[in-house]
Amino acid sequence: MSGGRHQRELPRLLVGAVIALAALYLLVRALGHG
Amino acid sequence: MSGLVSWPVAFAVAREKAKNGLLIALALVLCLTAGSFASGMSVGQEAFTGFGQVFLLLFTMFLGAGLVDEELQSGHAQLVLLRPVTRAAWFGGRLAGAGMVLLAAVVLAWLAGTLGAFRAGAGLVPTRLLGVPFAFAWAFAWLALLATLSVLAKGWTNAGWLVIGALGWFSLRLVVKLLDAVAGMAAKGASEGRLSSAASELLSKVQPYLGPQDPLDALKALAGGTPADLSPFCWDLLWAAAAWLLGCVLLNRRELARRPS
C-alpha cells in the first residue's frame, strides 16, 4: 500500500538547494581566502 | 513547497514537542544560562557559547532523538503515508516541526541573553540580531543529522550513535597524538617526516568537515568592524540541506512494513 513510485519522489527544491548552497559555500571560502 | 514539507505533519510534531517536559526544562536552563552569561561586552553570541552551546546541543539531541523511527515503529507513519503525502514530505514535516520548536528555544534564549546584556550596560549592536540565524543554522544542522540517523537507528539510539561517533573520533585523535608524542621522544623532538605528526595534522584538518561548524565567532568580528569569516554559517546551511536530502533518500529505501515479532 505504502510504496508506490510517486510516494518516493524527491523534492526538486531540496536537490536544487543542496547544489546552490554548495556553490555558495565554495564562493564564500574562495572570497575569504582571496 | 508541499513536496518538501507536509505542514500538517510539521504542526503536529511542533505541538507534541512543545509539550514535552524535558524539552521545556532544557529550554529554561538555556534561557537562564544565556541571561547570566551576558555582559556589557557581549554582541549576541553569549547565549550560545560555552555552557549555552552545550545546553543548545543537548536540547537539539533530545528534540531529535527518535524523531523519525519512533513514528515508524509505532505505525503512525504508515497511517499518514496512506494519504497522498510523499515520504520526503513526511520526513520534511517531522524535521520542520522539530525545527520550529528549536527556533522558538533559540529565540527565547537570545531574548534572555539580550535582556541580560542590556542590564549589564551593553549598547544596541546591529549584529546582535544575527545571533538568532547563526545559532539556529548550527543547531538545525545537528537536528537534520539526527533526523537522518533516525531513519536508520532504532528509537533514541540515533542520539547515541552521535555521542559514540564523537567519542570514537576524539579517542582516535588522542591515540594518534600520544603515539606522536612517544615517537617525538624517540626522535628527540624532530617532527619532520614523522608519519604520526602528519596523521595528527591531517585529523585536525579533517575535523571541521565532520559536522556543523560553529559560526558565532563571526559576530565578534562583525561587531568590531573586522572582516568576518562567514564560511562556517554557509557550511551549516549546506550541511542541513544535505542531511535533509540524504534522510529523504534513505527513507525512500527503507522497508516500512512492520516486521512480525
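Above this note sits the structure.
Throughout what follows, the structure given in this document is the object of discussion. (Residues numbered from 1 in each chain as written. Chains lettered and ligands numbered in written order. Predicted model: local features only at pLDDT ≥ 70, side-chain atom pairs only at ≥ 80, totals over all residues. Heavy atoms only, no water.)

### Concerning the overall build of chain A
Working step 1: Helix and strand counts for chain A stand at 1 helix and 0 strands.
Working step 2: Evaluated residue by residue, chain A yields a buried proportion of 24% over its 34 residues.
Working step 3: As displayed, chain A offers around 2600 Å² of accessible surface, 67% of which is attributable to carbon and sulfur atoms. (Helix = DSSP H or I, 4+ residues; strand = E, 2+ residues; numbered from the N terminus. Buried < 20%, exposed > 50% of the residue type's maximum accessible area, 1.4 Å probe, protein only. Areas by Shrake-Rupley, 256 points an atom, 1.4 Å probe, with all protein chains shown as cover.)

### Overview of the overall build of chain B
Working step 1: Check the secondary structure of chain B and you find 11 helices and 0 strands.
Working step 2: Its C-alpha atoms put chain B at 65 × 50 × 30 Å along the principal axes.
Working step 3: Expressed as a percentage of the 261 residues in chain B, the buried residues total 50%.
Working step 4: By element, 71% of the accessible surface of chain B is carried by carbon and sulfur atoms, the whole surface being about 13000 Å².
Working step 5: Charged side chains of chain B number 19 positive and 13 negative; the gap between the two group centres comes to 7 Å. (Lys, Arg positive; Asp, Glu negative; His and termini not counted. Charge placed at Lys NZ, Arg CZ, Asp CG, Glu CD.)

### Describing the pattern of salt bridges
All names here are of chain B.
Working step 1: Within the structure shown, the criterion is met by 4 salt bridges over all chains.
Working step 2: With a shortest N-O distance of 3.7 Å, Glu71 and Arg94 are connected by a salt bridge. One end of the pair, Glu71, is in helix α4 (residues 69-74); the other, Arg94, is in helix α6 (residues 87-119), with 23 residues separating them in the sequence.
Working step 3: For Glu71, a relative accessible area of 16% corresponds to the buried category.
Working step 4: Glu201 is the partner of Lys205 in a salt bridge, and the nearest nitrogen-oxygen pair spans 4.0 Å. Separated by 4 residues within a single helix, Lys205 and Glu201 lie in helix α9 (residues 195-206), roughly one turn from each other.
Working step 5: A residue is classified by how much of its surface remains accessible, and Lys205, at 56% relative accessible area, is exposed. (Salt bridge = Lys/Arg side-chain N within 4 Å of Asp/Glu carboxyl O.)

### Considerations on the side chain of B:Gln78
All names here are of chain B.
Working step 1: In this fold, Gln78 is placed in helix α5 (residues 76-80).
Working step 2: On the accessibility criterion, Gln78 (15% relative accessible area) is buried.
Working step 3: At a separation of 2.6 Å, a polar atom in the side chain of Gln78 contacts the main-chain carbonyl oxygen of Leu256. (Polar contact = N/O pair within 3.5 Å; in protein donor to acceptor, adjacent residues only side chain to side chain.)

### Things to note about the interface of chain B and chain A
Working step 1: Counting from both sides, the interface comprises 26 residues of chain B and, opposite them, 19 residues of chain A.
Working step 2: For the pairing of chain B and chain A, the buried interface totals around 2000 Å² over both sides, and the portion due to carbon and sulfur atoms is 74%.
Working step 3: Considering only the side of chain B, the residues that lose the most area to chain A are B:Leu238, B:Leu245 and B:Asn252, jointly responsible for 24% of the buried surface there.
Working step 4: At the boundary of chain B and chain A, one finds 0 salt bridges.
Working step 5: Between the two partners, chain B and chain A, sit 4 residue pairs in polar contact (both at pLDDT 80 or more).
Working step 6: Going through the elements one at a time, α6 and α11 (231-253) of chain B are the ones with two or more residues in the side of chain B that touches chain A. (Contact = heavy atoms within 4.5 Å. Buried area = accessible area lost by both parts, 1.4 Å probe.)

### A look at the packing of helix α3 (residues 51-64) of chain B against α6(B)
Residue and element names in this part refer to chain B.
Working step 1: Where α3 contacts α6, the two axes come as close as 11 Å, and the packing angle between them is 160°. As far as their axial angle goes, α6 and α3 are roughly antiparallel. The interaxial crossing formed by α3 with α6 has right-handed handedness. The segment α3 lies against α6, with Leu56, Phe59, Thr60 and Leu63 engaging Ala98, Val101, Leu102, Ala105 and Val106. (Axes fitted to C-alpha atoms, helices over the stretch in contact; angles between N-to-C directions. Parallel < 35°, antiparallel > 145°, perpendicular 65-115°, else oblique. Left-handed = near helix turned anticlockwise from the far one by under 90°.)

### Some points on the packing of aromatic side chains
Working step 1: For the structure shown, the criterion picks out 10 aromatic pairs over all chains.
Working step 2: Ring geometry for B:Trp7 versus B:Phe11: centroids 6.0 Å apart, planes at 35°, classification tilted. Remark: B:Phe11 and B:Trp7 occur in helix α1 (residues 7-18); sequence separation between them is 4 residues, near one turn of the helix.
Working step 3: On the basis of relative accessible area, B:Trp7 is assigned to the partly exposed category, the value being 36%.
Working step 4: A network of ring pairs unites the aromatic residues A:Tyr25, B:Tyr209, B:Trp235 and B:Trp239 as a single cluster. (Phe/Tyr/Trp six-rings, centres within 6.5 Å; stacked < 30°, edge-to-face > 60°.)

### Focus on the nonpolar core
Residue and element names in this part refer to chain B.
Working step 1: Residues Phe48, Leu56, Phe59, Trp90, Phe91, Leu102 and Trp244 are the most contacted members of the largest nonpolar core, which totals 80 residues.
Working step 2: Looking at which element gives the most residues to this core, the answer is helix α7 (residues 131-152), with 17 residues.
Working step 3: With residues up to four places along the chain from it excluded, the contact list for Phe91 reads Val68, Ala147, Thr148, Val151, Trp244, Gly247, Cys248 and Leu251. (Core = buried A, V, L, I, M, F, W, Y, C linked by side-chain atoms within 4.5 Å.)

### Considering the side chain of B:Lys17
All names here are of chain B.
Working step 1: Counting through the fold element by element, Lys17 comes out in helix α1.
Working step 2: For the buried Lys17, no salt bridge exists, and the shortest N-O distance to an oppositely charged side chain is 4.2 Å, to Glu16.
Working step 3: If we skip the residues at most four places from it in the chain, Lys17 touches Leu23, Leu63, Leu67 and Val101.

So, to be careful, I would describe these as geometric facts and stop short of saying anything about function.
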